[in-house]
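For reference, the chains in residue letters:
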Amino acid sequence: MFITFKKWTALYVVTLLALLAVFAAILWQGSAVNASKNLELEQGGGYVLVIDPGHGGFDPGAVAADGTAESRINLEIALQMEEIAHLLGVETEMTRWEDISTESDETAAVRERKNSDLKNRVEQVNRVSGGVLVSLHQNSLPQVPSVHGAQVFYSGTEGSRALAEAVQAVLNTTINDRNKEAKEAGSGVYLLKNAKIPAVLVECGFLSNGEETALLNTQEHQNRVSITILAAVLNHLQ
């Protein structure tokens, strides 16, 4: 169950912020700072972090063998990212705060509801002035259950690739036991294809891998993932 920062002890919050500072120091010394010069945002350098927990409601996304739904894990990590961002004074916008979908007609066929949900998310994302999108997902490859690790995909909008590579570099340092490369999402990912702002999609792990699924269900690992992604994004943008 997700536990909000309001229920955490002050010591725990301080510990999380200390971890954030460590990740920030790592990024500050790395190539992410140089890469960030490629990203220009509106409002004199200001930005709004748009956090998109993928799927939700009638659409659970990928489902692990133990019944773990991608939509729940996405939301739990997203809510933690949002709360930490608020502690740091970062303006955010969420595409959902609970286990719901955003489709316009709940009586439509499943395919139409999924399409409507994606279109509504795109409209919301593109309305945000100075927005930077981070969409959170979980991967699945049942044919090869040994595959695991976090990977970042980027859209074709300016600045997206540099942002994805910065986030991937830190994920490789803090989450992955072997390096992965940031990749272009291509036309198959509707949200990234149609987003007009810098946009990345983070596959936080593989629900087809039993060990990684167990990790993704723990508060500790969700903390690591949310702090790592947020630290990488903020330091890249700043």
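Engineer: Requested: an account of the packing of helix 5 (residues 160-174) against helix 8 (residues 219-237), with residues and values cited.
Structural biologist: Packed helices, taken two at a time, are described by the angle their axes make and the gap between the axes. At a closest axis distance of 9 Å, the pairing of helix 5 and helix 8 adopts a crossing angle of 140 degrees. When the interaxial angle is binned, helix 5 and helix 8 end up oblique. With respect to the hand of their crossing, helix 5 and helix 8 are arranged in right-handed fashion. Of helix 8, the residues touching helix 5 (which contributes Ala162, Leu163, Ala166, Val167, Val170, Leu171 and Thr174) are Arg224, Thr228, Ile229, Ala232, Val233 and His236.

Engineer: So, helix 3 (residues 70-87): which residues are in play, and what are the values?
Structural biologist: Given 3.6 residues to a turn, an α-helix orients residues that are three or four positions apart in the same direction. In this model helix 3 runs 26 Å from its N-terminal to its C-terminal C-alpha over 18 residues, within 8% of the 26 Å that 1.5 Å per residue would give. For helix 3, the buried fraction is high: 15 of the 18 residues fall into the buried class. Directly after helix 3, the chain includes glycine 89, whose backbone phi takes a positive value near 80 degrees.

Engineer: For the pairing of strand 4 (residues 151-154), give the residues involved together with the corresponding values.
Structural biologist: Every second residue of strand 4 is oriented toward a common face, with Gln151 and Phe153 on one face and Val152 and Tyr154 on the other, all of them buried. Judged from the four bridges that link them, strand 4 and strand 6 (residues 199-206) form a sheet pairing that is antiparallel. When the bridges of strand 6 are listed, phenylalanine 153 appears paired with leucine 201. Bridge count between strand 4 and strand 5 (residues 183-184): two bridges; the pairing is parallel. From the neighbouring strand, tyrosine 154 faces strand 5, where its bridge partner is glutamate 184.

Engineer: Please set out the pattern of salt bridges residue by residue, giving values where relevant.
Structural biologist: The tally for this structure, following the rule as stated, stands at five salt bridges. Residue arginine 113 is joined to glutamate 103 by a salt bridge in which the shortest nitrogen-to-oxygen separation is 2.7 Å. In this pair, arginine 113 sits in helix 4 (residues 110-126) while glutamate 103 sits in the loop between strand 2 (92-94) and helix 4, placing the two residues 10 residues apart along the sequence. Assigned by exposure class, arginine 113 and glutamate 103 land together as buried. Here arginine 161 makes a salt bridge to glutamate 165, at a shortest N to O gap of 3.0 Å. Of the two residues, arginine 161 and glutamate 165 are both situated in helix 5; the distance of four residues between them amounts to about one turn of the helix.

Engineer: Summarise the pairing of strand 6; cite the residues concerned and give the values.
Structural biologist: The element strand 6 is largely enclosed, with a buried count of eight among its eight residues. In the sheet, strand 3 (residues 131-139) pairs with strand 6 via six bridges, with the strands oriented parallel. Paired with leucine 133 across the two strands is alanine 199, which belongs to strand 6.

Engineer: Give a detailed account of the packing of aromatic side chains, specifying residues and quantitative values.
Structural biologist: Within the structure shown, the criterion is met by zero aromatic pairs. Against the face of phenylalanine 58 rests arginine 113, its NZ or CZ located 4.1 Å from the ring centre.

Engineer: Requested: an account of the packing of helix 3 against helix 8, with residues and values cited.
Structural biologist: One can describe the packing of helix 3 onto helix 8 by two numbers: an axis separation of 9 Å at closest approach and a directional angle of 55 degrees. In terms of axis orientation, helix 3 runs oblique to helix 8. As helix 3 runs across helix 8, the sense of the crossing is right-handed. Along the contact surface, helix 3 presents Ile73, Glu76, Ile77, Gln80, Met81, Ile84 and Ala85, while helix 8 presents Gln219, Gln222, Asn223, Val225, Ser226, Ile227, Ile229 and Leu230. Looking at the contact of helix 3 with helix 8, its residues break down into nine nonpolar, five polar and one charged.

Basis of the calculations
Residues numbered from 1 in each chain as written. Predicted model: local features only at pLDDT ≥ 70, side-chain atom pairs only at ≥ 80, totals over all residues. Heavy atoms only, no water. Axes fitted to C-alpha atoms, helices over the stretch in contact; angles between N-to-C directions. Helix = DSSP H or I, 4+ residues; strand = E, 2+ residues; numbered from the N terminus. Parallel < 35°, antiparallel > 145°, perpendicular 65-115°, else oblique. Left-handed = near helix turned anticlockwise from the far one by under 90°. Contact = heavy atoms within 4.5 Å. Expected span 1.5 Å × (residues − 1). Buried < 20%, exposed > 50% of the residue type's maximum accessible area, 1.4 Å probe, protein only. Pairing = 2+ DSSP bridges. Salt bridge = Lys/Arg side-chain N within 4 Å of Asp/Glu carboxyl O. Phe/Tyr/Trp six-rings, centres within 6.5 Å; stacked < 30°, edge-to-face > 60°. Lys NZ or Arg CZ within 6 Å of the ring centre and 35° of its normal. Nonpolar A, V, L, I, M, F, W, Y, C, P; charged D, E, K, R; others polar.

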